[in-house]
Amino acid sequence: MTSPPYAKRRSKTYGGINPDEYVDWFFPISQELKRVLKPTGSFILNIKEPAINGERHTFVIQLTLALKQDGWRWVDEYCWHKKNSHPGKWNNRFRDSWERCLHFTKEKKFAMYQDAVMIPVGDWKKKRFKNLSQADRERNKSSLGNDFSRNVSNWKERDMVYPSNVLHLATECRNRGHSAAFPIDLPIWFIKLFTQEGDVVLDPFIGGGTTALACQELNRHFIGIELNKDYYDLACSNLGLL
Ligand SMILES: C[S@@+](CC[C@H](N)C(=O)[O-])C[C@H]1O[C@@H](n2cnc3c(N)ncnc32)[C@H](O)[C@@H]1O
């Protein structure tokens, strides 16, 4: 689980990577991650391409393709919706309010504990189940061949449902002191989904230690790597290791 340095952004607080060189920079790191990841493990890459000269850079797309060519499976893309970001606009687009969380694995079959991230069904249930059609009562196999099928009436008695792949999380974080920390609920969600107690989680760009804090909370072991001594000290302090 990681959020690597942004492309060229916040370069005053830590080294930014030139977007044009991002794939070449990250690719050898991804190979090491593939080497140490268990066959049943998952790699979550939180990343977002900036707009440069009025258009989005394509390095995340190029990186995804490079990882696939290197043997990774690109299972899904989760969207982290930053629900507290202010609305606004640039000349030719609106303000960024989401980041990608790319999910890669080594194998088709990998560990995933979907029940660990179930959410309360919410009020939509009352309206949706008021009048069930015949189609709602049958298991409809998707014609798209994407393994998705449903029998809506099965959900009638349930209070908990599976979430979607859009995570609505505020950007606030407990881990102050790092300008690019993600909220602890982000690693908590993925760590619950893809690991169990006692498993090991690696964050190769640990910053202020948010992923490790999530591991402490969830009884997972952690390994963090950090280049900047100040952030290393911050992470150790946040984790009660100093
Ligand atoms: C986006 S921040 C990670 C923030 C982290 N998720 C948190 O919540 O605090 C990226 C971090 O990677 C570190 N970094 C940059 N290049 C690195 C490298 N080659 N090896 C290890 N860490 C590196 C930076 O110092 C920075 O703290």
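Residues numbered from 1 in each chain as written. Predicted model: local features only at pLDDT ≥ 70, side-chain atom pairs only at ≥ 80, totals over all residues. Heavy atoms only, no water.

Draft legend 1. Spatial organisation of the domain arrangement of the protein. Each domain of the protein was delimited in the assignment, giving domain 1 (19-118 + 162-238) and domain 2 (119-161). Distance from the C-alpha centre of domain 1 to the C-alpha centre of domain 2: 31 Å. Contacts between the two partners involve 4 residues from domain 1, matched on the other side by 4 residues from domain 2. When the two sides are added together, the surface that domain 1 and domain 2 hide from each other amounts to roughly 360 Å², 70% of it contributed by carbon and sulfur. If you sort the residues of domain 1 by the area they bury against domain 2, M118, Y162 and P163 come out on top, with a joint share of 96%. Between the two partners, domain 1 and domain 2, sit 0 salt bridges. (Domains from an automatic or database assignment. Contact = heavy atoms within 4.5 Å. Buried area = accessible area lost by both parts, 1.4 Å probe. Salt bridge = Lys/Arg side-chain N within 4 Å of Asp/Glu carboxyl O.)

Draft legend 2. Helix α6 (residues 229-238), seen in detail. Taken together, the buried positions of α6 are occupied by Y231, L234, A235 and C236. The residue sitting at the N-terminus of α6 and contributing the capping side-chain oxygen is N228; that oxygen lies 2.8 Å from the backbone nitrogen of D230. Looking one or two places after α6, you find G240, whose phi comes out positive at around 70°. (Buried < 20%, exposed > 50% of the residue type's maximum accessible area, 1.4 Å probe, protein only. Helix = DSSP H or I, 4+ residues; strand = E, 2+ residues; numbered from the N terminus. Polar contact = N/O pair within 3.5 Å; in protein donor to acceptor, adjacent residues only side chain to side chain.)

Draft legend 3. Here's a closer look at the site of the ligand. Taken together, 19 residues lie near the ligand, and H178, F182, G208, T210 and E226 sit nearest. Contact distances for the ligand include 2.9 Å between an oxygen atom and a backbone N or O atom of G208. Between the ligand and L227, the relevant distance is 3.2 Å, taken from a nitrogen atom to a main-chain nitrogen or oxygen of the residue. Contact with the protein chains hides 92% of the accessible area of the ligand, taken as 600 Å² for the molecule alone. (Near = heavy atom within 4 Å. Areas by Shrake-Rupley, 256 points an atom, 1.4 Å probe, with all protein chains shown as cover.)

Draft legend 4. Structural context of the pairing of strand β4 (residues 73-82). As judged from the 8 bridges shared by β4 and strand β5 (residues 98-105), these two strands associate in the antiparallel manner. Bridge pairing in β5 places C79 opposite R100. Relative to strand β10 (residues 166-169), β4 is paired through 4 bridges, and the arrangement is parallel. In the strand pairing of β10, W80 is matched with L167. (Pairing = 2+ DSSP bridges.)

Draft legend 5. Highlighting the packing of helix α4 (residues 185-194) against helix α5 (residues 210-218). As a packed pair, α4 and α5 sit with axes 9 Å apart at the nearest point and diverge in direction by 55°. Taken together, the axis directions place α4 and α5 in an arrangement best described as oblique. Taken as a pair, α4 and α5 cross one another with a handedness that is right-handed. Contacts between α4 and α5 pair P187, I188, I191 and K192 from the former with T210, T211, A214, C215, E217 and L218 from the latter. (Axes fitted to C-alpha atoms, helices over the stretch in contact; angles between N-to-C directions. Parallel < 35°, antiparallel > 145°, perpendicular 65-115°, else oblique. Left-handed = near helix turned anticlockwise from the far one by under 90°.)

Draft legend 6. Expanded view of the nonpolar core. Within the largest apolar cluster, 26 residues are counted, with the highest numbers of intra-cluster contacts made by M1, Y78, C101, L186, W189, F190 and F194. Contributions of two or more residues to this core are made by β4, β10, α4 and α5. Looking at this core element by element, the count peaks at 7 residues for α4. Setting aside residues up to four positions removed in sequence, C101 forms contacts with I44, L45, N46, D76, E77, Y78, W80, L186 and F190. (Core = buried A, V, L, I, M, F, W, Y, C linked by side-chain atoms within 4.5 Å.)

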